[in-house]
Amino acid sequence: MTFAENNVLDRVNSAAYLPHVAARAGHLVSGARLVPEETAIAFTYNRCSHAVMMATPADLEDFATGLSLTEGIIQSAEDISELVVASSAFGIELRMWIPETRMQPYSTRRRMLAGPTGCGLCGIESLSEALRPARRVRADLRVAPETIWTAMAALSPAQMLNRRTRAVHAAAFWEPREGIVAIREDVGRHNALDKLVGSLARRRIDGGSGIVLLTSRVSVEMVQKTAILGASILVAVSAPTALAVRVAEASGMTLVAIARGQDFEVFSHPKRVTPIARKLS
């Protein structure tokens, strides 16, 4: 895969200090606050437009690869033969070239997608596509409860952009022996997960070797994207939707949610979370 960049904002420039007036103990104080950038990012394949997403302008190669995988346009990162990241006054365009064998099935289901920051299914043309079954999970990683505690405890300190802005979501990948090996942040939770999927694919890290960690709630698209990654365990800070639980159950995924401190709830396939052995008195 080859990449070309043209004056694109990187992770360092993904936030800006803006003037504001703050109320402090009943007094109005002028100052400045760091807030995350939000940019229109267009995805094109072989010069055909596919989607425009509002996202944080960072980790764009990961975003291009990850969304292409989770949308089913490509099967591996190597399917993208060239990626050009081009900026303009209106936003950023991710121009990708993929084999014609990939373009043909894509063209038959091509959709025009305009995605607000919080949207993961915008523009889908049929109910059957929105409710497509998640890919069956083959990995069978087993973890103890303290493993989940440890993984989630490592998530917040690793959120560099959120630490500065308090306004972005994160998706991370945690391996038992390595800890967090990748984390991506974005104003959109779906975008953060797409970027994580792309990062792991480009680095050829097996999704079945670890746990996906989310700072958000779990909707059905988050389960579908995690299943495409191949991870068998998904852990989130907030609660899932009922549909997300049903899809996780059908795909064979262990869905852990409301994970805070040493407390969490397992909604599907609890066998992968091994109980703590209790000492006999």
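First, a word on scope: everything that follows refers to the structure included in this document. (Residues numbered from 1 in each chain as written. Predicted model: local features only at pLDDT ≥ 70, side-chain atom pairs only at ≥ 80, totals over all residues. Heavy atoms only, no water.)

Some words on the overall build of the chain
Inclusion rule: Strands here mean DSSP runs of E at least two residues long; helices mean DSSP runs of H or I at least four residues long; both are numbered from the N terminus. Three labels apply to residues, based on accessible area from a 1.4 Å probe with only protein chains included: buried if under 20% of the type maximum, exposed if over 50%, partly exposed otherwise in between. Only the protein chains shown count as cover for residues, with accessible areas throughout obtained via the Shrake-Rupley method and a probe of 1.4 Å.
Of regular secondary structure, the chain possesses eight helices and 14 strands. Counting only residues that meet the buried cut, the chain has 52% of its 281 residues in that class. Taken as a whole, the chain presents about 13,700 Å² of accessible surface, with 53% of it coming from carbon and sulfur.

Overview of the environment of Glu185
Which entries qualify depends on this criterion: The criterion used for residue contact is that any of the two residues' heavy atoms lie within 4.5 Å. As used in this structure description, the phrase polar contact means that two N or O atoms lie within 3.5 Å; if the pair is within protein, one of them must be able to donate a hydrogen and the other to accept it, and residues adjacent in sequence are counted only when both atoms belong to side chains.
Following the sequence through the fold, Glu185 ends up in strand E10 (residues 179–186). Since its relative accessible area comes to 11%, Glu185 is described here as buried. Each C-alpha atom, one on Glu185 and one on Met160, is 8.4 Å from the other, the two residues being 25 residues apart in sequence. Those residues within four positions of Glu185 in sequence are excluded, and the remaining contacts are Thr56, Gln159, Met160, Leu161, Asn162, Val168, His169, Ala170, Ala192 and Lys195. Within the structure, the side chain of Glu185 is placed 2.9 Å from the backbone nitrogen of Leu161, a separation counted as a polar contact. At 2.9 Å, the side chain of Glu185 and the backbone nitrogen of Asn162 are in polar contact.

Examining unusual backbone geometry
Even without being a glycine, Ala25 presents a positive backbone phi close to 55 degrees. Looking at the element boundaries, Ala25 is found in the loop between strand E2 (15–24) and strand E3 (27–36). We note that Arg204 has phi near 60 degrees; this positive angle belongs to a residue other than glycine. Exposure remark for Arg204: the relative accessible area of 68% places this residue in the exposed category.

Details of the pattern of salt bridges
The condition is simple: Put simply, a salt bridge is a Lys or Arg side-chain nitrogen that is within 4 Å of an Asp or Glu carboxyl oxygen.
In this structure the tally under the stated criterion is ten salt bridges. Here Arg204 and Glu78 are joined by a salt bridge, their closest N and O atoms 3.2 Å apart. Of this pair, Arg204 sits in the loop between helix H6 (189–202) and strand E11 (211–214) while Glu78 sits in the loop between helix H1 (60–70) and strand E6 (82–87), and the two are 126 residues apart along the sequence. The residue Asp140 makes a salt bridge to Arg142 at a minimum N-O spacing of 3.0 Å. In this structure Asp140 comes out as partly exposed when scored by relative accessible area, which is 40%.

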